[in-house]
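For reference, the chains in residue letters:
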Amino acid sequence: KATMTACFMSVLFALLSVASPQVMAGYGWAGGVVNPVGDSIGTAVAASPDGELIASSHHDSLVIVDTHRREAVYSATMMDVISGLEFSHNSQFLLVGFESVLPSTPALIVLQVSDWEQVHFSEDGSSVSAIAVNHDDTTYAIPNENGGFTEWSMEDSTVIRTHPAGHSGTVSCISYSSDSS
């Protein structure tokens, strides 16, 4: 019986030592980030393709966690509720979509991962939860306000082309094929 208790205690302490760094960093997913709207979890989550970062939103708060150190490397309160997150394939940019209900407010911003500075934004769209980045990271696509979607240049956020309304409801998913078409 003493051997079984000692074995159980060893396993328990081993598990606690793994879980503690997440909670002590203040951003563990087990209640470490408080959502001001209620008990719901974050509205969007994205992992960088290189496996280094996890981005999560909690109403209008954005938290970026380093997956190796298990600590937040960036956090900010945004101007609106965050509804979508997507990293570029080279992990150099994070695209953040918003529930933008007012005219002339950003529906999407592009953050540069190296310093978390905003490099681009788009006012087209009203609830950007669907975000796609093509495979060579030159173009991104988001739903527009007319039920279609618009493709934008990653370099300078100019419109490349707008695809007309083809949906009766909200565009909830966008993706590029492997040849970026």
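Residues numbered from 1 in each chain as written. Predicted model: local features only at pLDDT ≥ 70, side-chain atom pairs only at ≥ 80, totals over all residues. Heavy atoms only, no water.

Trainee: What am I meant to see in the overall build of the chain here?
Mentor: Helix and strand counts for the chain come out as 1 helix and 12 strands. Helices (α) and strands (β) of the chain occur, in sequence order from the N terminus, as α-β-β-β-β-β-β-β-β-β-β-β-β. Counting over 181 residues, the chain shows a buried share of 38%. For the chain, the share of sequence-separated contacts (at least 6 apart) that also reach a separation of at least 24 residues comes to 36%. For the chain, the computed accessible surface area is about 10100 Å², with 56% contributed by carbon and sulfur atoms. (Helix = DSSP H or I, 4+ residues; strand = E, 2+ residues; numbered from the N terminus. Buried < 20%, exposed > 50% of the residue type's maximum accessible area, 1.4 Å probe, protein only. Contact = heavy atoms within 4.5 Å. Areas by Shrake-Rupley, 256 points an atom, 1.4 Å probe, with all protein chains shown as cover.)

Trainee: Got a minute to help me understand the pattern of salt bridges in this structure?
Mentor: Between side chains of opposite charge, a pair can form as their charged atoms come close. Summed over all chains, the structure comprises 3 salt bridges. One salt bridge connects Glu151 with Arg161, and the closest N-O pair in it is separated by 3.1 Å. With Glu151 in strand β11 (residues 149-153) and Arg161 in strand β12 (residues 159-163), this residue pair connects regions lying 10 residues apart in the sequence. Classification of Glu151 by relative accessible area gives buried; the value is 8%. Owing to a relative accessible area of 43%, Arg161 belongs among the partly exposed residues under this scheme. (Salt bridge = Lys/Arg side-chain N within 4 Å of Asp/Glu carboxyl O.)

Trainee: I would appreciate a short explanation of the nonpolar core in the present structure.
Mentor: One broad rule of soluble globular proteins: the nonpolar side chains tend to lie buried together. Core analysis: the largest hydrophobic core is formed by 18 residues, its most contacted members being Leu62, Met78, Leu85, Leu94 and Val96. For this core, the secondary-structure elements that each account for two or more residues are β1 (44-47), β2 (53-58), β3 (61-66), β5 (82-87), β6 (93-98) and β7 (108-112). In contact with Val96, other than residues within four places in its own chain, are Leu62, Ile82, Gly84, Leu85, Ala107, Leu108, Ile109, Leu111 and Ile131. Counting residues in each nonpolar core, the second largest holds 12 residues, with Leu108, Ile131, Tyr140 and Ile142 among its members. (Core = buried A, V, L, I, M, F, W, Y, C linked by side-chain atoms within 4.5 Å.)

Trainee: Mind showing me how you'd approach the sheet that holds β7 here?
Mentor: Strand pairing in a sheet relies on backbone hydrogen bonds. The paired strands run either parallel or antiparallel. Reading across the sheet, the 4 strands line up as β5-β6-β7-β8 and stay open at both edges, with antiparallel pairing between neighbours. Bordering the open sheet on either side are β5 and β8 (117-122), each of which pairs with just one other strand. Taken pair by pair, the neighbouring strands of this sheet meet at an average axis angle of 20 degrees, ignoring direction. Bridge count between β7 and β8: 5 bridges; the pairing is antiparallel. Counted as the bridge partner of Gln112 is Glu117 from β8. (Pairing = 2+ DSSP bridges. Axes fitted to C-alpha atoms, helices over the stretch in contact; angles between N-to-C directions.)

Trainee: Quick question: what am I supposed to make of the sheet that holds β11 here?
Mentor: Taken in spatial order, the 4 strands make up an open sheet running β9-β10-β11-β12, and their pairing is antiparallel. The open sheet is flanked by β9 (132-133) and β12, the only strands paired with a single partner.

Trainee: I would appreciate a short explanation of unusual backbone geometry in the present structure.
Mentor: Across residues other than glycine, the phi torsion is negative in most instances, and most of the peptide bonds are trans. A positive phi is found at Trp116, a non-glycine position, where the angle reads about 60 degrees. Secondary-structure assignment places Trp116 in the loop between β7 and β8. Among the residues examined, Trp116 registers a relative accessible area of 11% and is labelled buried. For Asp137, which is not a glycine, the phi torsion comes out positive at approximately 60 degrees. Tracing the backbone shows Asp137 in the loop between β9 and β10 (139-143). Among the residues examined, Asp137 registers a relative accessible area of 12% and is labelled buried.

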